[in-house]
Amino acid sequence: MHKSPIKNTKPLTLPWETQSPFIFCSYHYDEYPGGNENMGPNASLEGRALGQDFASKDGWNMYHGVNAPGFPVHPHSGFETVSVVTKGMVDHSDSLGGKGRFGNGDVQWLTSGKGVLHAEMFPLLNEDKNPFEIFQIWLNLPKKSKKVTPYYKMLWSEDIPIIKFTDTKGNTTEVDLIAGNINEQKALMPNPDSWAADSKNNVQIWTIKLDPNAKFSIDGIDEDITRTLYFYQGNSININETEVKAKHLIHLDSTEDIHIKNSSEIAYLFFLQGKPINEPLVQHGPFVANSQQEIQEAMQEYRQTQFGGWPYKTNDPVHDKKNGRFAKFANGEEVIK
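Scoring rules and cut-offs
- Residues numbered from 1 in each chain as written.
- Predicted model: local features only at pLDDT ≥ 70, side-chain atom pairs only at ≥ 80, totals over all residues.
- Heavy atoms only, no water.
- Helix = DSSP H or I, 4+ residues; strand = E, 2+ residues; numbered from the N terminus.
- Buried < 20%, exposed > 50% of the residue type's maximum accessible area, 1.4 Å probe, protein only.
- Pairing = 2+ DSSP bridges.
- Axes fitted to C-alpha atoms, helices over the stretch in contact; angles between N-to-C directions.
- Expected span 1.5 Å × (residues − 1).
- Arc of directions from axis to C-beta.
- Contact = heavy atoms within 4.5 Å.
- Salt bridge = Lys/Arg side-chain N within 4 Å of Asp/Glu carboxyl O.

**Quick word on unusual backbone geometry**
Move 1: With an omega of -10°, the peptide bond running from Leu 14 to Pro 15 counts as cis.
Move 2: For Pro 15, the position within the fold is in the loop between strand S1 (6-11) and strand S2 (22-33).
Move 3: Following Ser 20, the chain continues into Pro 21 via a peptide bond in cis, with omega recorded as 15°.
Move 4: Of note in the backbone geometry, Asn 104 takes a positive phi value of approximately 50° without being a glycine.
Move 5: Note that Asn 104 resides in the loop between strand S6 (99-103) and strand S7 (107-111).
Move 6: Backbone geometry places Asn 213, a non-glycine residue, at a positive phi of 65°.
Move 7: One can find Asn 213 in the loop between strand S15 (204-210) and strand S16 (215-218).
Move 8: Asn 213 sits in the partly exposed class, given a relative accessible area of 39%.

This is the structure in structure tokens:
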């Protein structure tokens with residue numbers, strides 16, 4: 001008799017709790033109204049704590065934005081952000097001159113290395129309504145990569161493998177493979193300096209959608225590493241006969257097979273797995289290092305250089321309303337989708 005693969009379950013609270021090699025995972029879902037000519041909400045902002053609006057008034061937030069919703073210029077150092085945008089758009093701008101607009105299934109993988117400034121604004125491009133959904137994972141960098149020159153790459157939605165499984169009753173499960181592999185199917189390559197770039201670290205990032213009553217299994221592996229399922233939308237699922245209600249995270253034993261059976265409503269799950277980085281971790285907000293001294297050095301570098309300076313007129317730039325999805329990189333290369 002196999003033991004249960006469930007180590008523990010916890011109610012899902014923001015930000016989502018993570019285990020090494022992950023540092024942080026935020027999830028935002030907003031039912032934004034139509035956009036105005038400046039790509040902000042075509043609605044009154046009265047009663048909102050502008051600059052710090054997280055109260056979900058009317059089902060949406062401005063976050064740190066004042067004109068358009070989002071996160072105006074802020075630093076990152078010593079880790080990676082993996083931004084999975086399933087609905088809506090993000091306008092990215094950074095201190096290296098990189099910029100882009102991505103969304104509706106696209107993923108941005110940004111290695112902050114020795115330090116970068118960036119803004120992530122959410123332009124409301126549709127005149128009627130703008131549903132928005134993002135997962136942002138902070139993936140730690142190993143010591144050897146903490147000081148690399150920052151850069152980012154795009155995993156465009158049309159290139160991300162989507163794998164469909166059909167159970168014996170004909171119910172389907174769909175997995176978007178953002179990092180890692182399922183059976184023989186490999187994800188797109190992550191950034192070369194990433195902990196995820198070495199397959200021995202077994203980093204997996206998946207979104208999972210189960211049809212009503214669908215069954216889906218995740219195989220155990222021969223190594224005890226961190227493995228977490230986030231059940232963020234649906235009704236209930238059974239994991240190896242244990243019922244778990246929606247809005248829970250489940251820490252799992254990676255050496256055991258996991259058999260998931262869904263109930264009568266579509267279920268949405270997010271899956272993170274990876275070998276822990278067994279190095280000291282010191283974090284001060286968006287600065288991550290291996291020692292307190294390195295944190296002080298990174299903060300001093302930021303104060304002195306602003307990580308290259310901010311080349312834009314405003315702290316919350318949005319791109320031209322007419323633009324579609326695109327990416328412009330620090331080396332001048334541009335991709336238009």
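Anyway, onward from the coordinates.
**What about the sheet that holds strand S3 (residues 70-76)?**
The pairing of strands in a sheet comes from backbone hydrogen bonds and takes either a parallel or an antiparallel form.
Move 1: Taken together, the six strands give an open sheet; going across it, the order is S3-S8-S5-S6-S25-S26, and neighbouring strands pair in antiparallel fashion. The sheet is open, and its two borders are formed by S3 and strand S26 (334-336), each paired with just one other strand. The mean angle between the axes of side-by-side strands here comes to 20°, regardless of whether they run parallel or antiparallel.

**Here's the deal with helix H1 (residues 292-305)**
Move 1: The terminal C-alpha atoms of H1 lie 20 Å apart, and with 14 residues this matches the ideal 20 Å at 1.5 Å per residue to within 8%.
Move 2: By the burial criterion, the buried members of H1 are Glu 294, Ile 295, Ala 298 and Met 299. The arc that holds the buried residues of H1, viewed along the axis, is 135°, so those residues lie on one side. The outward face of H1, more than 90 degrees from its buried face, is lined by the exposed residues Gln 293, Arg 303 and Gln 304.
Move 3: On its buried side, H1 packs onto strand S23 (282-284) and strand S24 (287-289).

**As for the pattern of salt bridges**
Move 1: Inspection of every chain in the model, using the stated rule, returns 14 salt bridges.
Move 2: In this structure, Lys 164 engages Glu 174 in a salt bridge whose closest nitrogen and oxygen atoms are separated by 3.5 Å. A residue pair is termed long-range when its members are at least 10 positions apart, and Lys 164 in strand S11 (residues 162-166) and Glu 174 in strand S12 (residues 172-179) qualify at ten residues.
Move 3: Judged by relative accessible area, which is 27%, Glu 174 ranks as partly exposed.
Move 4: Ionic pairing is found between Asp 320 and Lys 322, a salt bridge with its closest N-O pair at 3.7 Å.
Move 5: Since its relative accessible area comes to 40%, Asp 320 is described here as partly exposed.
Move 6: Lys 322 gets classed as exposed once you look at its relative accessible area, which sits at 75%.
Move 7: Each of Asp 106, Glu 158 and Arg 325 takes part in salt bridges that share partners, so that together they form one network.

**Side note on the side chain of Ser 77**
Move 1: Turning to its location among the elements, Ser 77 is positioned in the loop between S3 and strand S4 (79-87).
Move 2: In this structure Ser 77 comes out as buried when scored by relative accessible area, which is 4%.
Move 3: Sequence-distant contacts of Ser 77, that is, excluding residues within four places in its chain, are made with Ser 112, Gly 113, Lys 114, Gly 115, Pro 286, Phe 287, Val 288, Ala 298 and Phe 307.

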